[in-house]
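# Report on the structure
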Amino acid sequence: MLEIIDLHASVDDKPILKGLNLQIRPGEVHAIMGPNGSGKSTLSHVLAGRPGYDVRGSVRFNGQDLLDLAPEERAWAGLFLAFQYPVEIPGVSNTNFMRSALNQVRNQRGLSALEAGDFLKIMREKAALVQLDPSFLSRPVNLGFSGGEKKRNEIFQMAMLDPRLAILDETDSGLDIDALRIVAEGVQKLRREDNSFLVITHYQRLLDHLKPDIVHVLMDGKIIRTGDHTLALELEEKGYDWLKAKFV
Amino acid sequence: MTLNSITGSAQTTEWPNSRIEAWKYTDLNQLVSNMPLSNGSPSIPLWQVEPHDLQSLFTELESPEAILRELDGFSRLVHAAGRGGWLAHIPAGTSSNFPVRLTYTPSSNAGWSGYTHQIQVAEGARITLIEEFEEDESPENLSVKNEPLEAYSTPVLSMTLHHLQVNLARGAELKLIRLFHCPMSKALVHQIDAQQEEGSNLEVQTVVMGSGIIRNNIHIQQLGDRCSSNLLGLSVAIGGGHLDQYSRIRHNALEGNSHQHYKAIAAPNSTTIFNGVLRVEPNAQQTNAYQRSSNLMLDPASLSRVNGSSPSIRSGKVNAKPELQIFADNVKCSHGATMGKLNTDSIFYLQSRGLTFEEAQKILTLAFAMEIVDQLEDERMRAKVISILDLKQWQ
């Protein structure tokens, strides 16, 4: 699914990712944890193709060279990033945004555009999945949404676009316990044998719900430790310092 | 160049030129100097009113005697050209729920022509006019698709000048909702000179769009107390267009209100201008005036990519010039001007959902324009503007 080999990324000559390796197979849920400033969000940005990074290394995504693709081409190939800070877009309704996006993605995947009725049906179905109030669908994208509503809207968009690999960048931060459960359940329902998740988080709580197959610790631009879900519990208990000491 | 060198008349009226501050960005003298001579006057009726109860109030203007107290160089020039126009006296007590719709025939000949229109709205009368000024693509259009041109440095084949004089009596209300649409190598120039008596209300909503040259002047004098003037404007310059919106509101009485909101989009290679002059005279105490100008400059798609850059295409260009001259002390006047490019985070967000750069740019640009389009007080005009915007390629 995804194979990252020796990935480096810097911003304004400041290195952030320093030789990262990661492999994700179909059906797996991976979690990446790590202290602030370790490069977690940079990894998600670089994978999604955000401009402004100087990137070296190799990223293969379902046989394609991911780094060669424009952001929209990565979306067509089945990559999805749930933003840590979803962008507010005044003047564009969620519905129109999703109709344009979904039809473009379907077109690129060789599927026909959806009839208006079919689109609305799918949209209502997916909104219900994350318990997103239907009134949000006619509102401008993320405008005036609370933190929790924005994150739910990200998961809703993910459900609509049906990606092969979804990266959740601190989707749990800023969520109350109920919202966290709803988001986690939404993700659980979307898990299949042919799709994968990369969950970036600070907290054990989301992982309690998602039960990742593999947990990585990212520190100083590299993955320094990989284990099963018990690694997350260990981090929750001990913090990162014991690893840092070992690593240095 | 003077008027008589073209018409052969004895009049010598100067064309507005860039030495005059108000015409700094759009020099009509230069445009007319580079223009082929007129090869005859338009033969078809210039203006038409759609069937309406008040249709008969609009008649051909026989002698454009000024109903204003002063005329500037531009209006003298248009009057001297004397090709006609319309005249409307709206009697006291008139109040129509339906707007009067006027359309103007595109210029059929090369050269320039000028038309004078007058409207007087009597005490307490209310009327809404909707006007569409659309120029055709010229068959001799010099624009070559793969060679980007800029309207302001390309010879203009035809230029149409309009001067509208407006007089609002006590308590009168006039709404003007206008669309100007002009392709490359054509120019449309329109000027309103309005005088407002006590308690009158003037609203002017203007959409200017295209790849040609458009200059839209709105001059308002509030002569009576408690007048209100509201201006709404949208400029959409594409394909090398040069769109210049100019307003001058003079508060000359007590408790006047004015509110202006202009937005402009300058696509690559195109230019927009907003110059808003607000003058509050010493006797205009308790004036409440607000002016806002928001401007969007678009980059060529090539800038967003590593390869395929086309150095002959520049980003959109915006000139915004608020001018506030306040000579009274007990007034509330505020203004704001912003200019910027599309938010790169927003573009990336839309791209990450599968929309192309061009689609993302189009969606965000339309959203910027919709704030003004939504305020146009006519369903048909809104639909028309949206349909034109929707077809635009923002490159």
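So, on to the sheet that holds strand β1 (residues 2-11) of chain A. Residue and element names in this part refer to chain A. With antiparallel pairing, the four strands of this open sheet are ordered in space as β2-β1-β4-β5. Every other strand in the sheet has two partners, leaving β2 (14-24) and β5 (64-65) as the edge strands with one partner each. As defined by bridge partners, strand β4 (residues 54-61) adjoins β5 across two bridges and the pair is classed as antiparallel. By the bridge assignment, phenylalanine 61 is partnered in β5 with glutamine 64.

All right, on to unusual backbone geometry then. All names here are of chain A. Positive phi is not limited to glycine here, since aspartate 13 has a value of about 65 degrees. Among the structural elements, aspartate 13 can be located in the loop between β1 and β2. Residue aspartate 13 is classed as exposed on the basis of its relative accessible area, which comes to 75%. In the Ramachandran plot, glutamine 131 falls in the positive-phi region, its phi being about 50 degrees despite a non-glycine side chain. Within the element layout of this structure, glutamine 131 appears in the loop between α4 (116-129) and β8 (140-141). Under the relative-accessibility criterion, glutamine 131 is labelled partly exposed at 47%.

Residues and elements named next belong to chain B. For strand β7 (residues 158-168), a buried count of eleven out of eleven residues is recorded, marking the element as mostly surrounded by other parts of the structure. Of the two faces of β7, both are covered, the one formed by Ser158, Thr160, His162, Leu164, Val166 and Leu168 as well as the one formed by Met159, Leu161, His163, Gln165 and Asn167. In the sheet, β7 pairs with strand β9 (residues 186-196) via eleven bridges, with the strands oriented parallel. Following the sheet pairing, asparagine 167 is matched in β9 by glutamine 195.

What follows concerns the environment of B:Asn343. The residue B:Asn343 is located in the loop between β18 (332-341) and α4 (344-352) in this model. As a C-alpha pair, B:Asn343 and B:Val331 span twelve residues in sequence and 36 Å in three-dimensional space.

This model, assessed by the stated rule, comprises zero disulfides over all chains. Left without a disulfide partner, B:Cys333 is nearest to the cysteine sulfur of B:Cys227, which lies 15 Å away.

What follows covers the confidence of the model for chain B. Residue-level pLDDT values for chain B average 88, and 87% of them are 70 or greater. As scored by the predictor, the complex reaches a pTM of 0.87 and an ipTM of 0.95.

About the thresholds
Residues numbered from 1 in each chain as written. Chains lettered and ligands numbered in written order. Predicted model: local features only at pLDDT ≥ 70, side-chain atom pairs only at ≥ 80, totals over all residues. Heavy atoms only, no water. Pairing = 2+ DSSP bridges. Helix = DSSP H or I, 4+ residues; strand = E, 2+ residues; numbered from the N terminus. Buried < 20%, exposed > 50% of the residue type's maximum accessible area, 1.4 Å probe, protein only. Disulfide = S-S within 2.5 Å. pLDDT = per-residue confidence, 0-100.

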